[in-house]
Amino acid sequence: MLYSRKTIRPLCNAVTASGTPANSLPASRLLILLLSLLLTPAASVHADLDINEAVRLALTDDPVIAANQARSLALGDTAIADGQLPDPQLRSGIYNLPTDNFHINEEPSTQLRLGLQQAFPRGKTLHYKQRQGEWKATAAMASAELGTRQTMLEVRKYFLELYYQTRAGEVVTETRKLFSQLVDITQAHYATGSVSQQDVLNASLELSRLDDRATRILNAVDINRAALMKWIGSAASLPVNRDFPALPQPVSRQQIEAALPEHPVIQVETAKLEAQNQSIQIAREQYKPGWSAGLEYRKRFGEDPNGDDRSDMMAAMVTVDIPLFTKNRQDKRLSASIQQAASVQLDRDEKLRELKQQLATDHANWQRLGERSALYESQLLQAADANAQASLNAYQRGVTEFNTLMRARITDLDVRLADLRIRVDHAKAQASLLYLAGENQ
């Protein structure tokens, strides 16, 4: 573990219990004091990891979100470039140069030409290309927002599962201590002839099964910590805060459903559709003629028969495309653009239907799991604990059999784990609703 100078300097300036400043201590005692600080466990320095901190760490340095943001900026710059006229062309050359002697002064038609030509694409093609690029940039930015929501959802679900496995391990450990005591009690009763050997074997068997369950829970803890490392790195190895993870309360189902068309998944598809609509407009513009304009200066050499210098000349030119044969070019491109736009529209409609289905499922789970959690808290936990305690008392008095006691204890364990499972699954459903509804970060 590394400590900054800000951590160590106050220690060196501290006052010892006897009132002697630390900087006047012998070097050996000061060294021991520093070593004791450096060897302090990490848990005493780092706070336990909670769900909000895990989400914050994940969003701080998510490469997927950063990549989509960079892609959006790149597409925005590209859109501006796509809306500009092509660069003008500079033309230069010597024309009508005689090949018998290559003298530039002999023939009156020999010229040095210097011209500038500018092309103008068909119709409003540049405008629609720029709009298309802007919508692609919007789609990339919506993908970044979608990545943020997906990261929050995944981190929350893995953290909640890690919380469940961690707390479940504690419940099993507590139960194992009790079962270990039951094994000792059963062996003592067996020594006095009060119970059969079968009871001793059953107690040992249940204890071994608890050990197996604890091992499986530890395996699940390791898996979920490894999954969290994808987003938060080494912080995933920190102890999990004992408080139950608190999430923001979602709005009503009606409000979530009304806002689904603004969900990033739909915003991405909407932006793709608008970009494709610009392709349709571009295809329509190809039926219009494109044109280019040029201006040329022509330098002439030599002299006229009267001895005067030959006059220089200028030329202005306009070139126009004539889209006569459109059947296999413009018509096909327009048809393809329209079909592609229809495909994107259908994809958008399908994704909206999927979000509505997901909302119905998640809201039903959230509502029913909340009802079950309330039932466990108000009745089942107390009933299972009272039943287990009553069975233990009855067994100690010799009123009931050992199998009844074991079933009661196992039922109490299962009810406690089921209560924890339901509360965690309820929180997962709540996280899914927050993914659909969105929240201010």
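Residue positions are counted from 1 within each chain, in the order its sequence is given. Per-residue local features of the predicted model are confined to residues with pLDDT of at least 70, and side-chain atom pairs are confined, for both listing and counting, to 80 or more; whole-chain, interface and lining totals are unaffected and use all residues. Only hydrogens and water are removed before side-chain values are computed, so all heavy atoms of the structure are retained for them.

Describing the overall build of the protein chain
Link 1 in the chain: What the protein chain contains, in helices and strands, is 10 helices and four strands.
Link 2 in the chain: Listed by position from the N terminus, the elements making up the protein chain come as α-α-α-α-β-β-α-α-α-α-β-β-α-α.
Link 3 in the chain: Think of it in three bands: with a 1.4 Å probe and only protein chains considered, a residue is buried below 20% of the maximum accessible area for its type, exposed above 50%, and partly exposed in between. Taken over 441 residues, the protein chain has a buried fraction of 36%.
Link 4 in the chain: We call two residues in contact when some of their heavy atoms are within 4.5 Å. Long-range contacts, defined as pairs at least 24 residues apart, comprise 81% of the intrachain contacts of the protein chain with a sequence gap of at least 6.
Link 5 in the chain: Just so you have it, the protein chain exposes about 25900 Å², and 53% of that area is on carbon and sulfur atoms. The way it works is that DSSP assigns letters per residue, a run of H or I at least four long becomes a helix, a run of E at least two long becomes a strand, and they are numbered from the N terminus. Per-residue accessibility takes into account occlusion by the displayed protein chains alone, with areas from the Shrake-Rupley method and a 1.4 Å probe.

With respect to the sheet that holds strand S1 (residues 89–95)
Link 1 in the chain: Pairing between two strands is assigned when DSSP locates at least 2 bridges connecting them. The sheet built from four strands is open, its strands ordered S1-S2-S3-S4 with antiparallel pairing. Whereas interior strands pair on both sides, the edge strands pair on one side only; in this sheet they are S1 and strand S4 (313–320). The sheet shows a mean angle of 20° between the axes of neighbouring strands, direction not considered.
Link 2 in the chain: Relative to strand S2 (residues 111–120), S1 runs antiparallel, the two being bridged by seven bridges. Each residue of the ladder has a partner; that of leucine 90, found in S2, is leucine 116. Each axis is a line fitted through C-alpha atoms, taken for helices only over the stretch in contact, and angles between the N-to-C directions span 0 to 180 degrees.

Looking at the side chain of glutamate 206
Link 1 in the chain: Here glutamate 206 lies in helix H6 (residues 197–232).
Link 2 in the chain: Judged by relative accessible area, glutamate 206 falls into the buried class, the value being 14%.

Some details on the pairing of S2
Link 1 in the chain: The pairing of S2 with strand S3 (residues 291–300) spans 10 bridges and is antiparallel. Note that in S3 the partner of alanine 119 across the bridge is serine 292.

Let's talk about the nonpolar core
Link 1 in the chain: Val155, Phe159, Leu228, Ile232, Leu260, Leu417 and Leu436 are the most contacted members of the largest nonpolar core, which totals 56 residues.
Link 2 in the chain: The set of elements that each furnish at least two residues to this core consists of helix H3 (51–60), helix H5 (125–191), H6, helix H8 (264–285), helix H9 (330–396) and helix H10 (402–437).
Link 3 in the chain: Broken down by element, this core gets its largest block of residues, 15 residues, from H5.
Link 4 in the chain: In this structure, leucine 228 is in contact with Val155, Tyr158, Phe159, Leu162, Gly233 and Ala236, ignoring residues within four places of it in sequence.
Link 5 in the chain: The set of buried Ala, Val, Leu, Ile, Met, Phe, Trp, Tyr and Cys residues whose side-chain atoms join them within 4.5 Å is what this entry labels a nonpolar core. Counting residues in each nonpolar core, the second largest holds six residues, with Leu273, Ile280, Ala283 and Ala341 among its members.

Some points on the environment of methionine 317
Link 1 in the chain: Mapped onto the secondary structure, methionine 317 falls in strand S4.
Link 2 in the chain: By relative accessible area, which is 31% here, methionine 317 ends up partly exposed.
Link 3 in the chain: As for methionine 317 and alanine 293, which are separated by 24 residues in sequence, their C-alpha atoms are 5.7 Å apart.
Link 4 in the chain: Ignoring any residue separated from it by four or fewer positions in sequence, one finds methionine 317 in contact with Ser292, Ala293, Gly294, Leu295 and Glu296.

Some points on the environment of serine 279
Link 1 in the chain: Inspection of the secondary structure puts serine 279 in helix H8.
Link 2 in the chain: A relative accessible area of 15% means that serine 279 is categorised as buried.
Link 3 in the chain: Between the C-alpha atoms of serine 279 and alanine 336, which are 57 residues apart in sequence, the distance is 9.6 Å.
Link 4 in the chain: Excluding residues within four positions of it along the chain, serine 279 makes contact with Gln132 and Ser337.

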